[in-house]
Amino acid sequence: MISAEGLRKVFYASRGLEVVAVKGATFSVDAGEVFGLLGPNGAGKTTLLRMLGTIITPTSGICRINGQITENAPDSIRKEIGFLSGNTKLYGRLTARELLRYFGRLYDMADPAIAIRTAELAELLQMHDFLDRRCEALSTGQTQKVSIARVILHDPKVLILDEPTLGLDIMTSRSILDFILLAKGRGHSIIFSTHHMSEADYLCDRVGLIYEGELMAVDEKAALLAGRGVNNLHDAFLSLVDERERQAS
């Protein structure tokens with residue numbers, strides 16, 4: 001469902017200085033799989049996900065969503081993707097219901113279908129208490145639930161979730177993680193980006209560890225831990241970083 005082949009992204013700073021944000025990333029995600037993209041802030045996670053989500057164009061390499069190259073058909077591919085970031089903004093003067101109606105129309109959904117889907121998501125995400133409240137009056141957790149509803153309103157088969165629990169309390173974070181497991185069970189292909197290794201331990205089937213733009217390892221969790229001789233992703237990540245820096249010195 002999702003594949004990245006040698007993805008590279010270069011930005012240009014002042015005086016023409018090159019900043020290589022992603023260095024030749026290659027991986028794939030199957031239907032019904034949660035792939036964890038793990039790394040610290042500034043590692044290149046968001047840039048990589050934005051290339052897959054057709055938000056920015058790769059400098060080189062190929063992104064495919066459901067077999068289609070993203071650069072060839074970005075508009076049609078966007079209808080197959082739900083892209084969520086931890087700092088997603090909503091239209092404050094709209095109620096949650098109005099916002100979902102607005103985005104449903106952007107996805108060419110008919111109003112009766114939007115109403116049915118809104119009711120389903122209100123039940124799934126426990127949004128009934130604030131569905132008709134303006135978004136500017138919502139708490140952080142409520143805002144994130146509306147953001148998730150917006151992203152999955154059109155029932156996309158591919159979900160790209162960039163730190164979706166950022167800034168949330170423990171109970172709201174757990175409800176988001178449980179929702180992701182439910183989406184996995186329905187056959188969605190999910191990329192889940194985080195710098196919280198415990199979340200990846202809870203959710204992910206396979207993981208990719210990224211540091212300074214380099215995807216250092218991609219494997220199933222058990223194989224990755226066994227290969228590094230550790231029992232958690234935190235230590236596996238640090239082991240790879242230490243090895244990388246020894247080789248560079």
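Before reading further, recall that the structure is shown in the block above.
Below, the structure is looked at part by part.

About the cut-offs
- Residues numbered from 1 in each chain as written.
- Predicted model: local features only at pLDDT ≥ 70, side-chain atom pairs only at ≥ 80, totals over all residues.
- Heavy atoms only, no water.
- Core = buried A, V, L, I, M, F, W, Y, C linked by side-chain atoms within 4.5 Å.
- Buried < 20%, exposed > 50% of the residue type's maximum accessible area, 1.4 Å probe, protein only.
- Contact = heavy atoms within 4.5 Å.
- Disulfide = S-S within 2.5 Å.
- Phe/Tyr/Trp six-rings, centres within 6.5 Å; stacked < 30°, edge-to-face > 60°.
- Helix = DSSP H or I, 4+ residues; strand = E, 2+ residues; numbered from the N terminus.
- Lys NZ or Arg CZ within 6 Å of the ring centre and 35° of its normal.
- Pairing = 2+ DSSP bridges.
- Salt bridge = Lys/Arg side-chain N within 4 Å of Asp/Glu carboxyl O.
- Axes fitted to C-alpha atoms, helices over the stretch in contact; angles between N-to-C directions.

### Some points on the nonpolar core
Among the nonpolar cores identified, the biggest contains 50 residues, and Met 127, Val 146, Ile 180 and Leu 233 are the most heavily contacted of them. Each residue touching Met 127, except ones within four places of it in the same chain, is listed here: Leu 100, Leu 121, Ala 122, Lys 145, Val 146 and Ala 149. Leu 52, Ile 81, Phe 83 and Ile 160 belong to the second-largest nonpolar core, a separate cluster that totals 24 residues.

### Quick word on the state of the cysteines
Tallied over the full model, the rule gives 0 disulfides. Cysteine Cys 63 remains unbridged, with the sulfur of Cys 204 as its closest cysteine sulfur at 20 Å. Owing to a relative accessible area of 2%, Cys 63 belongs among the buried residues under this scheme.

### Here we look at the packing of aromatic side chains
According to the stated counting rule, one finds 5 aromatic pairs in the structure shown. Aromatic pair Tyr 102 and Phe 103: ring centres 5.3 Å apart, planes at 85 degrees, arrangement edge-to-face. Judged by its relative accessible area of 37%, Tyr 102 falls in the partly exposed class. A relative accessible area of 15% means that Phe 103 is categorised as buried. Where Tyr 211 meets Phe 237, the ring centres are 6.1 Å apart and the plane angle is 80 degrees; that geometry is what we call edge-to-face. Within this pair, whereas Tyr 211 is found in strand S9 (residues 206-211), its partner Phe 237 is found in helix H9 (residues 233-248), the two being separated by 26 residues in sequence. Its relative accessible area of 16% is what places Tyr 211 among the buried residues. One aromatic cluster is present, formed by Tyr 91, Tyr 102 and Phe 103 through successive ring pairs. Stacked on the ring of Phe 103, the Lys or Arg Arg 150 has its end atom at 5.0 Å from the ring centre.

### So, the pairing of strand S8 (residues 189-194)
A large share of S8 lies buried, amounting to 6 of its 6 residues. By the alternation rule, side chains of S8 split into Ser 189, Ile 191 and Ser 193 and Ile 190, Phe 192 and Thr 194, which are all buried. As defined by bridge partners, strand S3 (residues 33-38) adjoins S8 across 6 bridges and the pair is classed as parallel. In the strand pairing of S8, Glu 33 is matched with Ser 189. Relative to S8, strand S7 (residues 158-162) runs parallel, the two sharing 5 bridges. Looking at the pairing, Leu 159 lines up with Ile 190 of S8.

### Describing the pattern of salt bridges
Under the defined criterion, the tally for this structure stands at 16 salt bridges. For Arg 117, the salt bridge is made with Asp 155, and the minimal N-O distance between the two is 3.8 Å. Pair noted here: Arg 117 is in helix H4 (residues 111-124) and Asp 155 is in the loop between helix H5 (140-152) and S7, with a separation of 38 residues, a long-range link. Its relative accessible area of 14% is what places Arg 117 among the buried residues. Across the pair Arg 228 and Glu 243 runs a salt bridge whose closest N-O atoms are separated by 2.8 Å. One end of the pair, Arg 228, is in helix H8 (residues 221-228); the other, Glu 243, is in helix H9, with 15 residues separating them in the sequence. Classification of Arg 228 as partly exposed rests on a relative accessible area of 24%. On the accessibility criterion, Glu 243 (27% relative accessible area) is partly exposed. What you see here is one network of salt bridges that share partners, running through Arg 117, Glu 120, Asp 155 and Arg 186.

### Details of the sheet that holds strand S4 (residues 60-65)
As summarised here, the arrangement of the 4 strands in space is S2-S1-S4-S5, forming an open sheet in which the pairing is antiparallel. A strand with exactly one partner marks an edge of an open sheet, and here the two such strands are strand S2 (18-29) and strand S5 (68-69). Across 9 bridges, the pairing between strand S1 (residues 2-12) and S2 is antiparallel. Bridge pairing in S2 links Leu 7 to Ala 25. Each of S1, S2 and S4 touches helix H1 (residues 45-52); the most contacted strand, S1, lies at about 120 degrees to it.

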